[in-house]
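# Architecture at a glance
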Amino acid sequence: MLSREFLIDRGYCCGHGCLMCPYQPKHIKGNTNMKKIKHIYVTGVNRSGHTTLWNKIKDDPDIDSAMMGEEQYMLPWDIEKHNHTEMLRNKFIDRVNQLIEWSPECDTHLDMANYWLPHTPWLIESFDAQIHIIKRNKDDVVDAFMQRFEVHNEWDVVQKFRTTDMNATNWEISYPTYEIYPDLSLQENYRRHTSMYYDEYYEIAEEFKRTYPANVHFHASEYLIEGDNYKNIFKF
């Protein structure tokens, strides 16, 4: 089976009924009108309503999107210092192309995760993506972070903001690294780091909103998950 990428590179439809034909209308020999995929990325600090929003969209029969599966590909917070940023981005692009091939009838690719934010300029340049930034009340977010101590090992929880391995490719790389305060307990350090992360995250988000006003949009989490308001992210 010929891949969608190969058919795009060829630049025209062969008219032979290829399953992954990217041209519209399909299977018209010589047609060069390519199907345009809309890329939508929803991001925000953890505990901002991603799961609720994801489930609403996933269960909506009127929304037909090539969504990410359970397997996630992490992208680093520290783009400049991480040693494998380009490799991880290329791996992500391969995954997106694969999902589009698996969903030939879909014209929208949607994904949501906290780690898209630093890569906003790259996502816009690569996909002309629409970036939707969700924001929840800071105190609620910090309290939700602190609840992780009830279900996970303390040391595993606080590692979120302590990663210094610039060769790592796991979930830890998607968070900034903060100074450890020796006079504070693990939990107190974690609370302070979570607060710092929230502030830094939305400071960067505001700058991207000013720089890319046509592509970056802010939403209150509570608003998006109420009723059918989540459908608004597909209108841009």
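Residues numbered from 1 in each chain as written. Predicted model: local features only at pLDDT ≥ 70, side-chain atom pairs only at ≥ 80, totals over all residues. Heavy atoms only, no water.

### Notes on the sheet that holds strand β4 (residues 130-135)
- Spatial ordering of the open sheet is given by β2-β3-β1-β4-β5, a layout of five strands whose pairing is parallel. Strands with a single pairing partner mark the edges of an open sheet, and in this sheet they are β2 (66-67) and β5 (216-220).
- Pairing between strand β1 (residues 38-43) and strand β3 (residues 108-112): five bridges, direction parallel. Residue pairing for β3: Tyr-41 is matched across the bridge by Asp-111. (Pairing = 2+ DSSP bridges. Helix = DSSP H or I, 4+ residues; strand = E, 2+ residues; numbered from the N terminus.)

### Concerning helix α2 (residues 50-58)
- For α2, the complete set of buried residues consists of His-50, Leu-53, Trp-54 and Ile-57. One side of α2 carries all its buried residues, which in axial view fall inside an arc of 100°.
- Among the structural elements, β1, β2, β3, β4 and α8 (221-224) are those in contact with the buried residues of α2. (Buried < 20%, exposed > 50% of the residue type's maximum accessible area, 1.4 Å probe, protein only. Arc of directions from axis to C-beta. Contact = heavy atoms within 4.5 Å.)

### Brief notes about the pattern of salt bridges
- One pass over the full model with this rule turns up four salt bridges.
- In this structure, Asp-199 engages Lys-138 in a salt bridge whose closest nitrogen and oxygen atoms are separated by 3.0 Å. Residue Asp-199 is located in helix α7 (residues 186-211), and its partner Lys-138 is located in helix α5 (residues 138-146); the two are separated by 61 residues in the primary sequence.
- When its relative accessible area of 39% is taken as the criterion, Asp-199 is described as partly exposed.
- The exposure class assigned to Lys-138 is partly exposed, which follows from its relative accessible area of 25%. (Salt bridge = Lys/Arg side-chain N within 4 Å of Asp/Glu carboxyl O.)

### Observations regarding the side chain of Asn-114
- Inspection of the secondary structure assignment puts Asn-114 in the loop between β3 and α4 (120-127).
- One polar contact links Asn-114 to Tyr-197, side chain to side chain, over a distance of 3.2 Å.
- If sequence neighbours within four positions are ignored, Asn-114 has contacts with Thr-43, Gly-44, Val-45, Asn-46, His-50, Ser-174, Tyr-175, Tyr-197 and Tyr-201. (Polar contact = N/O pair within 3.5 Å; in protein donor to acceptor, adjacent residues only side chain to side chain.)

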